[in-house]
Amino acid sequence: DTGVSQDPRHKITKRGQNVTFRCDPISEHNRLYWYRQTLGQGPEFLTYFQNEAQLEKSRLLSDRFSAERPKGSFSTLEIQRTEQGDSAMYLCASSPGLAGGAGSTDTQYFGPGTRLTVL
Amino acid sequence: RKEVEQDPGPFNVPEGATVAFNCTYSNSASQSFFWYRQDCRKEPKLLMSVYSSGNEDGRFTAQLNRASQYISLLIRDSKLSDSATYLCVVNRWGNTPLVFGKGTRLSVIA
């Protein structure tokens, strides 16, 4: 399967624990995005990378959250001192990345997500 | 106000029906527009991009009205397999994060 993969698919943890998720994008995709989705809502943007550079972080990304993409390939998202409000589906997406700006379209492909439950 | 607003749904329609979803967006700088489909407990998948001239893909027709900041999706001859949540999505231009609506749930009933 050459799509976006995420690991683990499910994670149950106790409040206060740290968790780390991994995302492997489609090979040669330059851009990698993290989104969070709660029940009954659409996905909400967290952060994204162009190769290894983290270009933007949402206000949703509190200081308990950190993301890395050290070699410009896979990425990790860590949540420290988890809270019950962190329970959600964490989605990763990748895209080829385009040199063009306005008017260009760069399709994002989503992985299956990691479902986090904080007890 | 949310940046992307959709009909709340759910829509329950019989097989063969035509159903239309509406969406409005607030950021006039938005450049790219999409409909994604999401099955229960699965990831979103691109259904179709939306262009100003309107575009059609089989039973699906998408329309964009930039002046009104309005996007629509029409599904003709609904199938049971069309049952899913349909997400209206925009972004400023190709290389930026997507902004999703809450989604509209569709159930097609035999």
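Let me sum up the structure you'll find in this document. Owing to the predicted nature of the structure, the values given are computational and were not obtained by experimental measurement. (Residues numbered from 1 in each chain as written. Chains lettered and ligands numbered in written order. Predicted model: local features only at pLDDT ≥ 70, side-chain atom pairs only at ≥ 80, totals over all residues. Heavy atoms only, no water.)

Turning our attention to the overall build of chain B. Of the regular secondary structure elements, chain B holds zero helices and 11 strands. Traced from its N-terminal end to its C-terminal end, chain B shows the element sequence β-β-β-β-β-β-β-β-β-β-β. Computed over its C-alpha atoms, the radius of gyration of chain B comes to 13 Å, within 12% of the 13 Å expected for a compact globule of 110 residues. For chain B, the C-alpha atoms occupy an extent of roughly 40 × 30 × 25 Å along the three principal directions. Looking at the 110 residues of chain B, the share that counts as buried comes to 48%. (Helix = DSSP H or I, 4+ residues; strand = E, 2+ residues; numbered from the N terminus. Rg over C-alpha atoms; globule rule 2.2 N^0.38 Å. Buried < 20%, exposed > 50% of the residue type's maximum accessible area, 1.4 Å probe, protein only.)

With that out of the way, let us pick up the state of the cysteines. Under the criterion given, the structure shown has two disulfides over all chains. Paired by a disulfide, Cys23(A) and Cys92(A) hold their sulfur atoms 1.9 Å apart. An S-S torsion of about -70 degrees defines the bridge between Cys23(A) and Cys92(A) as left-handed. A residue pair is termed long-range when its members are at least 10 positions apart, and Cys23(A) in strand β3 (residues 19-24) and Cys92(A) in strand β9 (residues 88-95) qualify at 69 residues. The two residues Cys23(A) and Cys92(A) agree in class, both being buried. A sulfur-sulfur separation of 2.0 Å characterises the disulfide bridge that pairs Cys23(B) with Cys88(B). (Disulfide = S-S within 2.5 Å.)

Another aspect to go through is the packing of aromatic side chains. Residue and element names in this part refer to chain B. Under the counting rule described, the total for this entry stands at 15 aromatic pairs over all chains. Between Phe21 and Trp35 the ring centres are 6.5 Å apart and the planes differ by 45 degrees, which places this aromatic pair in the tilted class. Taken as a pair, Phe21 in strand β3 (residues 19-25) and Trp35 in strand β4 (residues 32-38) lie far apart in primary sequence, 14 residues in all. For Phe21, a relative accessible area of 0% corresponds to the buried category. Judged by centre distance (4.9 Å) and plane angle (45 degrees), the ring pair of Tyr25 and Phe33 falls under tilted. The residues Tyr25 and Phe33 share a single accessibility class, namely buried. (Phe/Tyr/Trp six-rings, centres within 6.5 Å; stacked < 30°, edge-to-face > 60°.)

Residues and elements named next belong to chain A. Cis peptide bonds are those with omega within 30 degrees of zero, and the linkage from Asp7 to Pro8 qualifies with -5 degrees. Tracing the backbone shows Pro8 in the loop between β1 (5-7) and β2 (10-13). Phi is positive for Asn51, which is not a glycine, with a value near 55 degrees. Structurally, Asn51 can be placed in the loop between β5 (44-50) and β6 (53-57). Positive phi outside glycine occurs at Arg81, with the angle close to 50 degrees. Take Arg81: it is sitting in the loop between β8 (75-79) and β9.

Let us look at the nonpolar core. Note that soluble globular proteins tend to have their nonpolar side chains buried in a common cluster. Of all hydrophobic cores here, the largest spans 23 residues; its most connected members are Phe21(B), Trp35(B), Ile71(B), Leu73(B), Ile75(B), Tyr86(B) and Leu106(B). Elements with a contribution of two residues or more to this core: β3, β4, β5 (44-50), β7 (60-65), β8 (70-75), β9 (84-91) and β11 (104-109) of chain B. When sequence neighbours within four positions are dropped, the list of residues in contact with Ile71(B) reads Phe21(B), Asn22(B), Cys23(B), Tyr25(B), Phe33(B), Trp35(B), Val50(B), Gln63(B), Leu64(B), Cys88(B) and Val90(B). Residues Leu46(A), Phe65(A), Ala88(A) and Tyr90(A) belong to the second largest nonpolar core, which totals 19 residues. (Core = buried A, V, L, I, M, F, W, Y, C linked by side-chain atoms within 4.5 Å. Contact = heavy atoms within 4.5 Å.)

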